[in-house]
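If you want the building blocks of each chain, they are given just below.
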Amino acid sequence: TLDNLLTNMLIFSGAPEARRKNSDMREIVEDTFVIATTHRKDGVTLRAVYEGPADFAFDPAMVRQMMINLVFNGLDAVDECGTVSVRVSIEQGGPRRMRIEVKDTGSGINEADIDRIFDPFYTTKERGTGLGLAIVSTVVNAHKGTLEVSSTPGEGTLFVITMPEQAVEASI
């Protein structure tokens, strides 16, 4: 959508700083799934799994856009009976970290493309902008997190994001 494109451009155009506040990742995922219903093919399943509480300090606007981009990419990759799933957990041992997994049962990413998928304006889609995954990378970096991807052509793709807990921005 145009709104999605404009939000992506705003995040991408600067060096965004995460404005962390205590937020509920369940809310972000559920909002993303509501938005995704307009983009979803008939027969595609959206699934969310929460391992314990999903309250964490993050920038909700940035993380919402990240999730929209990841879920939409998954929806683009799956056929009519595919699945896009999101798993959220808060790792407690040692420094607190949020782990987000977004997995699809779609076409997968070719090995030749995997190293370039986070490059701005790189796309394999006929109508893609090449900003979606670049924005995902930008959001993860703004949260001082890590981003991993594994993919098997013909079987699907898994993105794993981890974000460390950091101080919440003070309200003025």
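A. View of the overall build of the protein. Tallying secondary structure elements over the protein gives five helices and seven strands in all. When the helices and strands of the protein are read in sequence order from the N terminus, they spell out α-β-α-β-β-α-β-β-α-α-β-β. In the protein, which comprises 172 residues, the proportion classed as buried is 43%. Taking all contacts inside the protein whose residues are at least 6 apart in sequence as the whole, residues at least 24 apart take part in 73%. As presented, the protein carries roughly 9,300 Å² of accessible surface, and 50% of it is formed by carbon and sulfur atoms.

B. Representation of the pairing of strand β5 (residues 97-104) within the structure. Pairing of strand β4 (residues 83-91) with β5 involves eight bridges; the strand directions are antiparallel. Looking across to β5, one finds that Arg 87 is bridged to Glu 101. Hairpin connection from β4 to β5: five residues lie between these consecutive antiparallel strands, with Gly 94 at a positive phi of about 85°. As paired strands, β5 and strand β7 (residues 156-164) are joined by eight bridges and run antiparallel to one another. When the sheet's bridge partners are listed, Asp 104 is paired in β7 with Thr 157.

C. Region of interest: the pattern of salt bridges. Overall, the coordinates contain four salt bridges when judged by the stated rule. Across the pair Glu 51 and Arg 87 runs a salt bridge whose closest N-O atoms are separated by 2.5 Å. Here Arg 87 lies in strand β4 and Glu 51 lies in strand β2 (residues 45-51), a separation of 36 residues in the sequence. What makes Glu 51 partly exposed here is its relative accessible area of 41%. Of the residues examined, Arg 87 reaches a relative accessible area of 33% and is grouped as partly exposed. Between Arg 96 and Glu 165 there is a salt bridge, and its shortest N-O distance comes to 2.6 Å.

D. Molecular detail of the environment of Pro 164. Following the sequence through the fold, Pro 164 ends up in strand β7. The buried category is assigned to Pro 164, whose relative accessible area is 14%. Pro 164 sits 68 residues away from Arg 96 along the chain, and the two C-alpha atoms are 6.2 Å apart. Among all residues touching Pro 164, those that are not within four sequence positions of it are Arg 20, Phe 56, Arg 96, Arg 97, His 143, Lys 144 and Gly 145.

E. Structural detail: the packing of helix α3 (residues 60-77) against helix α5 (residues 132-142). Contact pair α3 / α5: the axes reach a minimum separation of 9 Å and the direction vectors enclose 145°. Judged by the sense of rotation from one axis to the other, the crossing of α3 with α5 is left-handed. Seen from α3, the contacting residues are Met 62, Val 63, Gln 65, Met 66, Asn 69, Leu 70 and Asn 73; seen from α5, they are Gly 132, Leu 133, Ile 135, Val 136, Val 139, Val 140 and Ala 142. Its residues assigned to classes, the contact of α3 with α5 shows 10 nonpolar, four polar and no charged.

F. Local environment of the side chain of Arg 20. Structurally, Arg 20 is set in the loop between α1 (2-13) and β1 (21-24). No salt bridge forms around the buried Arg 20; measuring N to O, its nearest opposite-charge neighbour Glu 165 is 5.9 Å away. Here the side chain of Arg 20 touches His 143 through a polar contact of 2.7 Å, landing on its backbone oxygen. From its side chain, Arg 20 meets the backbone oxygen of Pro 164 in a polar contact 3.2 Å long.

G. Region of the structure containing the confidence of the model for the protein. Predicted confidence across the protein gives a mean pLDDT of 82, with 78% of residues reaching 70 or more. Ranking the elements of the protein by mean pLDDT puts α1 last with 46 and β5 first with 95.

H. The arrangement of unusual backbone geometry in detail. The backbone of Lys 144 sits at a positive phi, close to 55°, despite the residue not being glycine. With respect to the helices and strands, the residue Lys 144 is situated in the loop between α5 and β6 (146-152). Residue Lys 144 is classed as exposed on the basis of its relative accessible area, which comes to 55%.

Reading the values: the criteria
One numbering rule holds for all chains: residues counted from 1, following each sequence as written. Predicted model: local features are reported for residues with pLDDT of at least 70 only, side-chain atom pairs are reported and counted for 80 or more only, and whole-chain, interface and lining totals are derived from all residues. Excluding hydrogens and water, the side-chain values take into account all heavy atoms of the structure. To qualify as a helix, a DSSP run of H or I must reach at least 4 residues; to qualify as a strand, a run of E must reach at least 2; elements of each kind are numbered from the N terminus. Each residue gets one of three labels from its accessible area relative to the maximum for its type: buried under 20%, exposed over 50%, partly exposed in between, using a 1.4 Å probe on protein chains only. Throughout, a contact is declared for two residues whenever any of their heavy atoms are within 4.5 Å. The protein chains shown are the only cover counted for residues, whose accessible areas, like all others here, come from Shrake-Rupley with a 1.4 Å probe. At least two bridges found by DSSP between two strands are what make those strands a pair. For this document, the term salt bridge refers to a Lys or Arg side-chain nitrogen within 4 Å of an Asp or Glu carboxyl oxygen. To obtain each axis, a line is fitted to C-alpha atoms, and for helices this fit is confined to the stretch in contact; angles are then taken between N-to-C directions over 0 to 180 degrees. A crossing counts as left-handed when the near helix is turned anticlockwise from the far one by less than a right angle, and as right-handed when that turn is clockwise. Each residue gets one label: Ala, Val, Leu, Ile, Met, Phe, Trp, Tyr, Cys and Pro are nonpolar, Asp, Glu, Lys and Arg are charged, and the others, such as Gly, are polar. Counted as positive: Lys and Arg. Counted as negative: Asp and Glu, with His and the chain ends omitted from the count. What qualifies as a polar contact is a pair of N or O atoms within 3.5 Å, subject to a donor-acceptor requirement within protein and to the restriction that residues adjacent in sequence count only when both atoms come from side chains. Confidence of the predictor at the level of single residues is captured by pLDDT, which takes values from 0 to 100.

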